[in-house]
Amino acid sequence: MTPRIAPSILSADFSRLGEQVRVVEEAGAGQVHIDVMDGHFVPNLTMGPVVVEALRSTTTLPLDVHLMITDPEDYLESFIKAGADHISFHIEAEGDKGAMLDLLEERGVGKGLAVNPATPAEEILEFLPRLDMVVVMTVNPGFGGQDFLGDNLDKVRRIRQEEEKLSLEKKLNIEVDGGVDRGTIGACLEAGADIFVAGSAIFGAADPGAATRELIELAGS
Ligand code: DX5
Ligand code: ZN
């Protein structure tokens, strides 16, 4: 799979969200990353299914929903109905992970598992054969614009090694999330990531379209 840039709307201007998403879509972004926070799993509150629904009618890009919430099981259905194409929940969250993956599979939604910096890769390895994507957090989740925690790239390498051993039918996507910008994307690519979330590096830039194009070029996609 060719590398994909996933602009995170967390850093977008919400008063003109549709327009901002159109700009990154035209610039070649591969998917839109939507950060859902519940004020409990992480110390911040953001958006819910209504935002996913609104975006569904303004873009044809896949909607990549990242749930940073304690009880993802209670909300999967709402996000699916709102039009999510991929949903990732955290290994550190509550609930029956296998049952959640069953539901996503049944509904034809991309299945992602996210892993925080403090959690070792080993915790998620048993789920790899069932996943479409692993989200390796390269910041502690909760806020945009934090410094990149490069040690987590070892986790990307470890997951790729394990993937090789398993000889899976379909290549696993590894998304890196947090602190990805023109200075850090090269190391992420080299470690084996193929989806790059960028919030402040894109929507914090004077020209989000140009910032998207630069990251696409650096990722060689
Ligand atoms: C962090 C979120 C990220 C965030 C990334 O909790 O999961 O997706 O928007 O923002 P930047 O790219 O600014 O680090
Ligand atoms: Zn995210």
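Refer to the structure printed above.
Residues numbered from 1 in each chain as written. Chains lettered and ligands numbered in written order. Predicted model: local features only at pLDDT ≥ 70, side-chain atom pairs only at ≥ 80, totals over all residues. Heavy atoms only, no water.

Enquirer: I'd like a description of the pattern of salt bridges, backed by residues and values.
Expert: If the charged atoms of two oppositely charged side chains come close together, the side chains can form a pair. Applying the stated criterion to the full structure yields 18 salt bridges. Across the pair Arg107 and Glu77 runs a salt bridge whose closest N-O atoms are separated by 2.3 Å. Taken together, the residues Arg107 in the loop between helix 4 (97-106) and strand 5 (110-115) and Glu77 in helix 3 (residues 76-82) connect sequence positions 30 residues apart. Note that Arg182 is salt-bridged to Glu214, the shortest N-O span being 2.9 Å. Separated by 32 residues along the polypeptide, Arg182 in the loop between strand 7 (173-177) and helix 7 (185-191) and Glu214 in helix 9 (residues 208-218) bring together distant segments of the chain. We classify Arg182 as exposed; its relative accessible area is 59%. (Salt bridge = Lys/Arg side-chain N within 4 Å of Asp/Glu carboxyl O. Helix = DSSP H or I, 4+ residues; strand = E, 2+ residues; numbered from the N terminus. Buried < 20%, exposed > 50% of the residue type's maximum accessible area, 1.4 Å probe, protein only.)

Enquirer: Describe in detail the pairing of strand 2 (residues 32-37), supporting the description with residues and values.
Expert: Taking burial as the measure, the 6 residues of strand 2 include 6 buried ones, the bulk of the element. Judged by which residues are buried, strand 2 turns out to be covered on both faces: Val32, Ile34 and Val36 on one side and His33, Asp35 and Met37 on the other are all buried. Strand direction decides the pairing type here: strand 2 and strand 3 (residues 63-68), joined by 6 bridges, are parallel. Within strand 3, the residue paired with Asp35 across the bridge is His66. Once you follow strand 2 into helix 2 (residues 49-56) and on to strand 3, the crossover reads as right-handed. (Pairing = 2+ DSSP bridges. Right-handed = clockwise from strand over helix to strand, strands pointing away.)

Enquirer: Let's hear about the coordination of the zinc ion (ligand 2): which residues, and what values?
Expert: Taken together, the protein ligands of the zinc ion (ligand 2) are His33 (NE2), Asp35 (OD), His66 (ND1) and Asp177 (OD), with distances of 2.0 to 2.3 Å. For His33, a relative accessible area of 0% corresponds to the buried category. We classify His66 as buried; its relative accessible area is 1%. (Donors = N, O, S within 2.8 Å, 3.2 Å for Na, K, Ca; no water.)

Enquirer: Explain the environment of Met137 to me, and be specific about the residues and the numbers.
Expert: Summarising the element assignment, Met137 is placed in strand 6 (residues 133-137). As a C-alpha pair, Met137 and Gly18 span 119 residues in sequence and 26 Å in three-dimensional space. With near-sequence residues (within four places) excluded, Met137 lies in contact with His66, His90, Val115, Asn116, Pro117, Asn152 and Asp177. (Contact = heavy atoms within 4.5 Å.)

Enquirer: Tell me what's going on with the sheet that holds strand 4 (residues 86-90), and back it up with residues and numbers.
Expert: The sheet built from 8 strands is open, its strands ordered 1-8-7-6-5-4-3-2 with parallel pairing. In this open sheet, the two strands that pair with only one neighbour each are strand 1 (4-7) and strand 2. Going across the sheet, the axis of each strand differs from the next one's by a mean of 25°, ignoring polarity. Of the strand pairs in this sheet, strand 5 and strand 6 are connected by 4 bridges, and their pairing is parallel. (Axes fitted to C-alpha atoms, helices over the stretch in contact; angles between N-to-C directions.)

Enquirer: Give me unusual backbone geometry: which residues, what numbers.
Expert: One non-glycine residue, Ser167, lies in the positive phi region at around 35°. Turning to its location among the elements, Ser167 is positioned in the loop between helix 6 (153-166) and strand 7. Judged by relative accessible area, Ser167 falls into the exposed class, the value being 61%.

Enquirer: Break down the site of ligand 1 for me, citing the residues and quoting the values.
Expert: Not every one of the 20 residues close to ligand 1 is listed here, only the nearest: Asp35, Gly142, Gly145, Asp177 and Ser200. Within the backbone of Gly142, a nitrogen or oxygen atom sits 2.8 Å from an oxygen atom of ligand 1. Interatomic distance of 2.8 Å between a backbone N/O atom of Gly179 and an oxygen atom of ligand 1. In the complex, the protein chains occlude 100% of the 380 Å² of accessible area that ligand 1 would expose alone. Going through the elements one at a time, strand 2, strand 3 and strand 8 (195-198) are the ones with two or more residues in the shell around ligand 1. Sorting elements by how many residues they give to the shell around ligand 1 places strand 2 first, with 3 residues. For the shell around ligand 1, the class distribution of residues is 8 nonpolar, 10 polar and 2 charged. (Near = heavy atom within 4 Å. Polar contact = N/O pair within 3.5 Å; in protein donor to acceptor, adjacent residues only side chain to side chain. Areas by Shrake-Rupley, 256 points an atom, 1.4 Å probe, with all protein chains shown as cover. Nonpolar A, V, L, I, M, F, W, Y, C, P; charged D, E, K, R; others polar.)

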